Amino acid sequence: MRWRPTIAALAGMCLALSTATFPAGAAGGVLAGPPGTPPGVCPAGAGYGPPLPGSSVLATKIRSGFSFLEGPVWVADGGYLLMSDMAAGTGPYNVQPSTIRRFTPPATFDTFLANAGSNGLALSADAQQIIAATHDQRSLSAYRLSDLARSTVAANYQGRAFNSPNDVAVRSDGVAYFTDPNFQRGNRSDQMSGRTSVFRVSGGQVSLVDDRLRQPNGIALSPDGTALYVGAYSENKIYKYAVQPDGSTGARSVFVSYLGGPDGVTIDCAGNVYWASGSDALVHVYSPTGTQLGTIRAGTSGTTNVAFGGPDRQTLYITSGPRNDSGLYSVRLNIPGYPY
């Protein structure tokens, strides 16, 4: 999820934790499926065939003319899609205003939340809150769907402000992972000593996953909860981390070397990975082993993010297009997937 690329210097860092509030588990304390899958999304024991109807698929434009769409998330209880719409930076710190737009199929658009300050969006484990990477406060935030009240999930790390949290993934037990490049930091001070990192929030504590990545961007969990995928935009690589049952991460490996700048991502119920590319306007689709299965084309430039939605979650929504003419696209696929 990117607006303007900069490359941060890298060095070693040891950080601890800060306070955070976050839902501890799924509704009623019962987890639906393994810890990677959002509750109720993927049926247990289902078998799947090829995810795409062909090796090269074309998505259909629903509407364009937005500033810069990002972070789509499907809200099943209500049947609508939310997206961040980021404008150009303003004020003395050149911080980008962001509005959350709502799309209700087949063709209704409205403003869901003005001044949200958001980029990437996800659902809380109980599906009652939107978990948002919010660059306005350099934090991870939660917006309660019932009244849009905002709370803070992660405010800082060892007293140091994050750069500009960008994208977020949430386990079905409430553990959250988010990326922190510096794309939306603007002219505010760098309190991370040039590092751009990945963090985890668990039980109210923030811990470091990795501070060696150059501009980490999209982030997603595998359906079985054993793998965390992170796109390093300025490295043109997608990394894969082993995930332990408690949410901690182990060794990382290169999932794919990616030409095009990996931006936002989603996953289907078979574990196939859908990665948006900012430079070639494609969504690149990979099997769980990293084999490329095909591509989906939306606009002609600036494809930023993807999410599954619709009543059966087999419609892939894609945000794509140039600044000030960003659009929402959709395409029907063969396998249901994650709502963010």
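Note that this is a predicted model, so its numbers are computed, not measured.

K.L.:
I would appreciate a short explanation of the overall build of the protein chain in the present structure.
P.N.:
A count of helical and extended segments in the protein chain gives zero helices and 25 strands. Burial status across the protein chain gives 59% buried among its 340 residues. Look at the contacts in the protein chain between residues 6 or more apart in sequence, and 55% of them connect residues 24 or more apart. Here the protein chain has roughly 12,000 Å² of accessible surface; of this, 51% comes from carbon and sulfur atoms.

K.L.:
I keep staring at unusual backbone geometry and nothing clicks. Help me out?
P.N.:
A negative phi holds for most residues other than glycine; trans holds for most peptide bonds. P105 connects to P106 through a cis peptide bond whose omega is 10°. Relative to the assigned elements, P106 resides in the loop between strand 5 (98-104) and strand 6 (108-113). Even without being a glycine, N94 presents a positive backbone phi close to 55°. Although it is not a glycine, S193 adopts a positive phi angle of roughly 55°. With respect to the helices and strands, the residue S193 is situated in the loop between strand 12 (176-180) and strand 13 (197-202). Residue S193 is classed as partly exposed on the basis of its relative accessible area of 46%.

K.L.:
I tried to follow the sheet that holds strand 7 (residues 118-123) on my own but got confused; where do I start?
P.N.:
Through backbone hydrogen bonds, the strands of a sheet pair up, either in parallel or in antiparallel fashion. Ordered by their spatial adjacency, four strands build an open sheet running 7-8-9-10, and the pairing between neighbours is antiparallel. Lying at the two open borders of the sheet, with one neighbouring strand each, are strand 7 and strand 10 (150-154). Between one strand axis and the next, the sheet turns by 30° as a mean value, whatever way the strands run. Across six bridges, strand 8 (residues 129-134) lies against strand 9 (residues 139-144) in antiparallel orientation.

K.L.:
Which parts of the structure should I look at to understand the pattern of salt bridges?
P.N.:
Where charged atoms from two side chains of opposite charge approach closely, those side chains can pair. Applying the stated criterion across every chain, the model contains nine salt bridges. In this structure, R144 engages D147 in a salt bridge whose closest nitrogen and oxygen atoms are separated by 2.6 Å. Between D210 and R212 there is a salt bridge, with its nearest N and O atoms 2.9 Å apart. Classification of D210 as buried rests on a relative accessible area of 3%. Connected through salt bridges with shared partners, the residues D210, R212 and R252 form a single ionic network.

K.L.:
What should I look at first to understand the state of the cysteines in this one?
P.N.:
Each disulfide is one covalent bond, formed between the sulfur atoms of two cysteines. Counted under the stated rule, the structure contains one disulfide. A sulfur-sulfur distance of 2.0 Å marks the disulfide that ties C42 to C269. Between C42 and C269 the disulfide shows an S-S torsion of about -80°. By sign, it is left-handed. A residue pair is termed long-range when its members are at least 10 positions apart, and C42 in the segment before strand 1 (56-58) and C269 in the loop between strand 19 (262-267) and strand 20 (273-277) qualify at 227 residues. Looking at C42, the relative accessible area reads 19%, which means it is buried.

K.L.:
How should the nonpolar core be read in this particular structure?
P.N.:
Within soluble globular proteins, side chains that are nonpolar tend to cluster in buried spots. Counting 32 residues, the largest nonpolar core has L82, I130, L140, F162, V168, F178 and V201 as the members making the most contacts within it. The element that contributes the greatest number of residues to this core is strand 8, accounting for four residues. Beyond its immediate sequence surroundings of up to four residues, L140 is in contact with I131, A132, A133, T134, T152, V153, A154, V168, A176, F178 and V201. In terms of nonpolar packing, the next biggest core, distinct from the first, is built from 17 residues, A220, Y229, W275 and Y286 among them.

What counts and how
Residues numbered from 1 in each chain as written. Predicted model: local features only at pLDDT ≥ 70, side-chain atom pairs only at ≥ 80, totals over all residues. Heavy atoms only, no water. Helix = DSSP H or I, 4+ residues; strand = E, 2+ residues; numbered from the N terminus. Buried < 20%, exposed > 50% of the residue type's maximum accessible area, 1.4 Å probe, protein only. Contact = heavy atoms within 4.5 Å. Areas by Shrake-Rupley, 256 points an atom, 1.4 Å probe, with all protein chains shown as cover. Pairing = 2+ DSSP bridges. Axes fitted to C-alpha atoms, helices over the stretch in contact; angles between N-to-C directions. Salt bridge = Lys/Arg side-chain N within 4 Å of Asp/Glu carboxyl O. Disulfide = S-S within 2.5 Å. Core = buried A, V, L, I, M, F, W, Y, C linked by side-chain atoms within 4.5 Å.

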